[in-house]
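These are the residues of each chain, in order.
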Amino acid sequence: MIEKELITVTSRGLHCAAGDFYIDPWQPVARALITHAHGDHLRGGSAAYYLAAAGIGLARQRLPADATIHPLGYGECVRFGDTQVSLHPAGHILGSSQIRVERAGEVWVVSGDYKRDSDPTCLPFEVVPCDVFISEATFALPAYRWTDTPTVAREILSWWHENRSRGLASVLFAYALGKAQRVLAELAAFTNDSAYVHGAIAGLTDVYRENGIPMLNTLPATVAGGANYAGALILAPPSAAGSPWMRRFGDHRTGFCSGWMRVRGDRRRRGYDRGFVLSDHADWPSLLRTCHETGARRILLTHGYTDALCRYLREQGVDAASLRTEYGAEE
Ligand SMILES: [Zn+2]
Ligand SMILES: [Zn+2]
């Protein structure tokens, strides 16, 4: 008997019965196809993992040492059961993929997280024509529209230089995997200065370097005393904000790089001195454009403002629905 739906949501995650695999499962499974290494998409305990070769270094850092990981090249076709599977760049972080699943001429694509903006740390998003597109919806509200990235990079640079001219350190909070490295790569176009990085960012940045991504030279922000951080740029994960770790920097200003900084209420509530609108997810216009460009007759939404996007698409006459998954907003 052929299951009507090629991919369904089960208690373990997105499941493809015809191919006997799961995509980004939230419970351990026998065969896990992974879109990218963020914690809500890549979890330990599965018997075998399949993911893009470019993401192997990141997955190795995040999974137990004995995990079985199979690298796949982008565009490489693999047969699982009755399905043909291939990975395609998602433009989200290093090694991020959309997963294309075909059975008997019907094509489904699972986007994982994605963006359409340029990013020197990963390959650009590839539009993959499909019948059913399973999309993220993290920033699926009309208010979320991104500024072009070089403009944001120049804003960060002038904020840093302004603080430096006043003898202050600039502590910039950014998600440790993906965003921090993207900031370091974007700034490399404008300066040869070094930046300090928190321990949670250093190891991941090394993996990006091993993959040949040009970034600012980085130094560990591990020295609690002795180092003079006046005028320096320090990258840290949001979890370090307000922690004792911050004391070493003396007089400083704080900034936060995130799509959430687009909305004034969020900026005020989070209490950073500066917000920089930089996201690794698609903004509202990009979500609409992408859903359209895939040519999908049906759109299923996994996480974020799924209901808002679902409602909008239905008003446009698109067959859309929200799925209940356990993916979160890593930003
Ligand atoms: Zn992600
Ligand atoms: Zn996600």
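Residues numbered from 1 in each chain as written. Chains lettered and ligands numbered in written order. Predicted model: local features only at pLDDT ≥ 70, side-chain atom pairs only at ≥ 80, totals over all residues. Heavy atoms only, no water.

Notes on the overall build of the protein chain
Filter applied, for reference: Numbered from the N terminus, helices here are DSSP runs of H or I no shorter than four residues, and strands are runs of E no shorter than two. Radius of gyration means the value over C-alpha atoms here, while the globule rule gives 2.2 Å times the residue count to the 0.38 power. Summary of the burial criterion: residues with accessible area below 20% of their type's maximum are buried, those above 50% are exposed, and those between are partly exposed, where the area comes from a 1.4 Å probe applied to protein chains only. In this analysis, two residues are considered to be in contact whenever any of their non-hydrogen atoms come within 4.5 Å of each other. Reported accessibility uses the Shrake-Rupley method at a 1.4 Å probe radius. Residues are deemed covered only where the shown protein chains occlude them.
Each helix and strand in the protein chain was counted, giving 7 helices and 19 strands. Since a compact globule built from 331 residues should have a radius of gyration of about 20 Å, the 20 Å found for the protein chain is in line with a globular shape. Projected onto the principal axes, the alpha-carbon positions of the protein chain cover approximately 70 × 45 × 30 Å. In the protein chain, which comprises 331 residues, the proportion classed as buried is 55%. Intrachain contacts of the protein chain at a sequence separation of at least 6 include 61% that bridge at least 24 residues. With an accessible surface of roughly 13,600 Å², the protein chain has 48% of that area assigned to carbon and sulfur atoms.

What about the pattern of salt bridges?
Under the convention used in this document: A pair is scored as a salt bridge if a Lys or Arg side-chain nitrogen falls within 4 Å of a carboxyl oxygen belonging to Asp or Glu.
Scanning the entire structure with this criterion turns up 11 salt bridges. Here aspartate 119 and arginine 182 are joined by a salt bridge, their closest N and O atoms 3.9 Å apart. Here arginine 182 lies in helix α3 (residues 179-187) and aspartate 119 lies in the loop between β10 (106-110) and β11 (132-137), a separation of 63 residues in the sequence. A relative accessible area of 1% places arginine 182 in the buried class. Shared partners join several salt bridges into a network, and the residues in it are Lys115, Asp119, Arg182 and Asp280.

Here we look at the packing of helix α2 (residues 149-165) against α3
Going by this rule: Axis definition: a line fitted to C-alpha atoms, over the contacting stretch in the case of helices. Angles run 0 to 180 degrees between N-to-C directions. Every angle not falling under 35 degrees, over 145, or within 65 to 115 is termed oblique; those three ranges are roughly parallel, roughly antiparallel and roughly perpendicular. Note on residue categories: nonpolar means Ala, Val, Leu, Ile, Met, Phe, Trp, Tyr, Cys or Pro, charged means Asp, Glu, Lys or Arg, and polar means any other residue, Gly included.
Remark: α2 packs on α3, axes separated minimally by 10 Å, with the N-to-C direction vectors making an angle of 85°. One way to sum up the angle between α2 and α3 is to call them roughly perpendicular. For the pair formed by α2 and α3, the contact residues are Thr149, Ala153, Ile156 and Leu157 on the first element and Arg182, Val183, Glu186 and Leu187 on the second. Here the contact of α2 with α3 is composed, by residue class, of 5 nonpolar, 1 polar and 2 charged.

A word on the sheet that holds strand β8 (residues 83-89)
To summarise the sheet geometry, strands pair through backbone hydrogen bonds and adopt either a parallel or an antiparallel arrangement. Cut-off, in case you're wondering: Any two strands are treated as partners once DSSP identifies two or more bridges connecting them.
One open sheet accounts for 7 strands, arranged β7-β8-β9-β10-β11-β18-β19; its pairing is mixed. The outermost strands of the open sheet, each flanked by one partner alone, are β7 (78-80) and β19 (319-322). Neighbour-to-neighbour, the strand axes of the sheet open up by a mean angle of 25°, direction not taken into account. Each of β11 and β18 (298-304) is contacted by helix α6 (residues 284-293), which is oriented at about 170° to β11, the strand it contacts most. Contacting β11, β18 and β19, helix α7 (residues 306-315) runs over the sheet at an angle of about 165° to β19.

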